[in-house]
Amino acid sequence: MTAPGAAGSGPTGGARPTARELGQRSMAAVEAGDRDGWLALFGDDAVVEDPVGPSMFDPEGTGHRGPEAIAAFYDNVIGVNESIRFTIRQSFLCGDEVANVGTIRINFVGGGAVEVDGVYCYRVAADGRLGGIRAFWEADQIRGVE
């Protein structure tokens, strides 16, 4: 699933990955607790909007832009949890973007867990790295689970 003529432009110097492949790498790094691996996937101009619009993580709704802001998002939102697991039920790859429909389960340090359904979108940039993540989920739809 590599774009024609895109050899040598991926994050590791290989063939340019699809947005689906980068999304899978992103989810795998989060599930593994691999902060450095996750951050290495992003281009310098990348934006993380999780969720899209104003939220408890981004009150102004402008997204976390650039390496420092994305690292802070990881540290304050992802890394503080015991674990995060993705269950993707459908995935739609169109051009340089993919929309994944699924559920994220977050297990908190010290016990307790929540799940939220959403649409999780990834965009590959011209340099073959992640150009953006846009997550569509609703805070009032977060549910506690055992």
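None of these values were measured; they are calculated from a predicted model.

*Asks:* Hey, could you run me through the overall build of the chain in this one?
*Replies:* Each helix and strand in the chain was counted, giving 3 helices and 7 strands. Counting from the amino terminus, the chain carries its helices and strands in the arrangement α-α-β-β-α-β-β-β-β-β. For a compact globule of 146 residues, the expected C-alpha radius of gyration is about 15 Å, and the chain comes in at 15 Å, within 12% of that figure. Its C-alpha atoms give the chain principal-axis dimensions of roughly 45 × 30 × 25 Å. For the chain, the share of sequence-separated contacts (at least 6 apart) that also reach a separation of at least 24 residues comes to 46%. On the chain, roughly 7,600 Å² of surface is accessible, and the fraction owed to carbon and sulfur atoms is 51%. Charge-centre separation for the chain: the mean point of 12 positive side chains lies 5 Å from the mean point of 21 negative side chains.

*Asks:* Sorry if this is basic, but what is going on with helix α3 (residues 66–78) here?
*Replies:* A rise of 1.5 Å per residue sets the reference length of α3, with its 13 residues, at 18 Å; its end C-alpha atoms lie 17 Å apart and thus fit the reference within 8%. Listed in full, the buried residues belonging to α3 are Gly66, Ile70, Ala71, Phe73, Tyr74, Val77 and Ile78. Taken down its axis, α3 places every buried residue within 165° of arc, on the same side. Residues Glu68 and Asn76 are exposed on α3 and point more than 90 degrees away from its buried face. Buried residues along α3 sit in contact with α1 (19–32), α2 (35–40), β1 (42–49), β2 (64–65) and β3 (81–94).

*Asks:* Sorry, what's going on with the side chain of Glu49 here?
*Replies:* One can find Glu49 in strand β1. Setting aside residues up to four positions removed in sequence, Glu49 forms contacts with Gly63, Ile133, Arg134 and Ala135.

*Asks:* Is there a simple way to explain the packing of aromatic side chains in this structure?
*Replies:* Pairs of aromatic rings are described using the distance from one ring centre to the other and the angle between the two planes. Scanning all chains against the criterion turns up 4 aromatic pairs. Between the aromatic rings of Trp38 and Tyr74, the centroid separation amounts to 5.4 Å while the plane-to-plane angle is 45°, which identifies the pairing as tilted. Highlighted residues: Trp38 in helix α2 and Tyr74 in helix α3, separated in sequence by 36 residues. Tyr74 carries the same exposure label as Trp38, and that label is buried. What links up through ring pairs into an aromatic cluster is the set Trp38, Phe42 and Tyr74.

*Asks:* Just to check I follow, could you spell out the pattern of salt bridges for this structure?
*Replies:* Note on pairing: side chains with opposite charge can pair once their charged atoms come close. Applying the stated rule across the entire model yields 10 salt bridges. In this structure, the salt-bridge partner of Asp75 is Arg35, at a minimum N-O distance of 2.6 Å. With Asp75 in helix α3 and Arg35 in helix α2, this pair connects stretches of sequence that are 40 residues apart. A residue is classified by how much of its surface remains accessible, and Asp75, at 34% relative accessible area, is partly exposed. Judged by relative accessible area, Arg35 falls into the partly exposed class, the value being 28%. Residue Arg129 pairs with Asp127 through a salt bridge whose shortest N-O separation is 3.1 Å. Residue classification places Asp127 among the partly exposed residues on the basis of a relative accessible area of 36%. Members of the salt-bridge network, linked through shared partners, are Arg89, Arg105, Glu115, Asp117 and Arg143.

*Asks:* What is the right way to look at α1 in this model?
*Replies:* In an α-helix there are 3.6 residues to a turn, and that puts residues three or four apart on one side. Its 14 residues give α1 an end-to-end C-alpha distance of 20 Å, which sits within 8% of 20 Å, the value for a rise of 1.5 Å per residue. Listed in full, the buried residues belonging to α1 are Ala19, Arg20, Leu22, Gly23, Ser26, Met27, Ala29 and Val30. The secondary structure elements touched by the buried residues of α1 are α2, α3, β3, β4 (97–108), β5 (113–124) and β6 (130–136).

What counts, and where the lines are drawn
- Within every chain, residues take consecutive numbers counted from 1 along the sequence as written.
- Residues qualify for local features only when their pLDDT is at least 70, as the model is predicted, and side-chain atom pairs are given and counted only at 80 or more; totals for whole chains, interfaces and linings, by contrast, use all residues.
- To get the side-chain values, take all heavy atoms of the structure and skip hydrogens and water.
- Secondary structure elements follow DSSP: runs of H or I of four or more residues count as helices, runs of E of two or more count as strands, with numbering from the N terminus.
- Put simply, the radius of gyration uses C-alpha atoms, and a globule should come to 2.2 Å times the residue count raised to 0.38.
- Whether two residues touch is decided by their heavy atoms; if any such pair falls within 4.5 Å, the residues are in contact.
- Each accessible area value is a Shrake-Rupley result obtained with a 1.4 Å probe; residue values ignore everything except the protein chains displayed when judging cover.
- We count Lys and Arg on the positive side and Asp and Glu on the negative side, and we leave His and both chain ends out.
- By convention, the point assigned to a charge is CZ for Arg, NZ for Lys, CD for Glu and CG for Asp.
- Multiply 1.5 Å by the residue count of a helix minus one, and that product is the helix's expected span.
- Throughout, exposure labels follow a simple rule: accessible area from a 1.4 Å probe, protein chains only, divided by the maximum for the residue type, with under 20% read as buried, over 50% as exposed, and the rest as partly exposed.
- As used here, the arc belongs to the directions running from the helix axis to the C-beta atoms.
- Side-chain rings of Phe, Tyr and Trp, where Trp is taken by its six-membered ring, are said to pair if the distance between their centres is within 6.5 Å; with planes under 30 degrees apart they count as stacked, over 60 as edge-to-face, and otherwise as tilted.
- The working definition used for a salt bridge is a side-chain nitrogen of Lys or Arg within 4 Å of a carboxyl oxygen of Asp or Glu.

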